[in-house]
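One-letter residues, chain by chain:
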Amino acid sequence: MIRLLYISNASPAVSEEQVQDILTSARRNNPAHGITGILIHGGGLFMQVLEGPEQKVLRQYVKILDDRRHDDARILHISPANSRIFEKWSMGGIAGNPLQFQHVSDLFARRLEVVQPTTFTKTMREFAQMLNAGK
Ligand SMILES: Cc1cc2nc3c(=O)[nH]c(=O)nc-3n(C[C@H](O)[C@H](O)[C@H](O)COP(=O)(O)O)c2cc1C
């Protein structure tokens, strides 16, 4: 399995209803591909974590790249994964600017740096715990 984290610019025209459509598609399609994760939308940005079998995640990511509801997707980090962090969510939806979350902004700042997979995993795990605690 792999875990991929990217951030993209939401299209200026994207509505709350369209974000719900994205989540509906994701929740319908992802279980068959063994993909779990979260999607955060706010402040003109999308941030998504996709975790699951490598080929499935990469194929879905490539498909998502073509979606006109966003552009300028940048992978923040990608790494092998032994277990799921977002296993509860076929695609969790969170409203808010992703960069307001310290864990995300730290990883954003270190984009294109060599971040050890263990560091990335730890940060994602802490982030998920924080999101869980907030529910
Ligand atoms: C930011 C973003 C994230 C998305 N995430 C997913 C996803 O996790 N799974 C998914 O199937 N589609 C996702 N989509 C939607 C796909 O681009 C595409 O519209 C959808 O897979 C089409 O499937 P459908 O014809 O079954 O609705 C996402 C789109 C955007 C803009």
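Throughout what follows, the structure given in this document is the object of discussion.

Thresholds applied
- Residues numbered from 1 in each chain as written.
- Predicted model: local features only at pLDDT ≥ 70, side-chain atom pairs only at ≥ 80, totals over all residues.
- Heavy atoms only, no water.
- Core = buried A, V, L, I, M, F, W, Y, C linked by side-chain atoms within 4.5 Å.
- Buried < 20%, exposed > 50% of the residue type's maximum accessible area, 1.4 Å probe, protein only.
- Helix = DSSP H or I, 4+ residues; strand = E, 2+ residues; numbered from the N terminus.
- Contact = heavy atoms within 4.5 Å.
- Salt bridge = Lys/Arg side-chain N within 4 Å of Asp/Glu carboxyl O.
- Arc of directions from axis to C-beta.
- Expected span 1.5 Å × (residues − 1).
- Pairing = 2+ DSSP bridges.

Let's shift gears to the nonpolar core. Membership of the largest hydrophobic core comes to 21 residues, with the highest contact counts inside it found for Leu5, Ile38, Met47, Phe86, Met124 and Phe127. Those elements giving two or more residues to this core turn out to be β1 (2–10), β2 (36–42), β3 (45–52), α3 (102–109) and α4 (117–133). It is α4 that provides the largest number of residues to this core, a total of 5 residues. Apart from the residues lying within four places of it in its own chain, the contact partners of isoleucine 38 are Met47, Gln48, Val49, Phe86, Trp89, Met91, Gly92, Ile94, Phe127 and Leu131. Ranked by size, the runner-up nonpolar core spans 17 residues in total, among them Tyr6, Ile22, Ile35 and Phe46.

A separate point is the side chain of serine 8. Positionally, serine 8 belongs in strand β1. Setting aside residues up to four positions removed in sequence, serine 8 forms contacts with Gly44, Leu45, Phe46, His70, Asp71, Asp72, Ala73 and Arg74.

Here we take up the pattern of salt bridges. Under the counting rule described, the total for this entry stands at 5 salt bridges. Its salt-bridge partner being arginine 69, residue aspartate 67 comes within 2.7 Å of it at the nearest N-O pair. Taking relative accessible area as the criterion, arginine 69 reaches 23% and is therefore assigned partly exposed.

Among the residues of α3, those classed as buried are His103, Val104 and Leu107. Buried residues of α3 fall within an arc of 95 degrees about the axis and therefore sit on the same side. Turned more than 90 degrees away from the buried face of α3, the exposed residues are Gln102 and Ala109. Of the surrounding secondary structure, the elements contacted by the buried residues of α3 are β1, β3, β4 (70–80) and α4.

An α-helix turns once every 3.6 residues. As a result, residues three or four positions apart point the same way. End to end, helix α1 (residues 16–33) covers 26 Å across 18 residues, agreeing with the expected 26 Å (1.5 Å per residue, within 8%). Within α1, burial applies to Val19, Ile22, Leu23, Ala26 and Asn30. Looking at the buried residues of α1, the elements they touch are β2, β3 and β5 (92–95). Directly beyond the C-terminal end of α1, a positive phi value near 70 degrees is found at glycine 34.

For β3, a buried count of 8 out of 8 residues is recorded, marking the element as mostly surrounded by other parts of the structure. Covered by surrounding structure in β3 are Leu45, Met47, Val49 and Glu51 together with Phe46, Gln48, Leu50 and Gly52, the residues of both alternating faces. The sheet contact formed by β1 and β3 spans 8 bridges and is antiparallel. For isoleucine 2, the partnering residue across the bridge sits in β3 and is glycine 52. Across 7 bridges, β2 lies against β3 in antiparallel orientation. Directly across from histidine 41, in β3, lies its bridge partner phenylalanine 46. Where β2 folds back on β3, the antiparallel hairpin that results is connected by 2 residues, among which glycine 43 adopts a positive phi of roughly 60 degrees.

Limitation: the analysis is restricted to geometry and does not speak to function.
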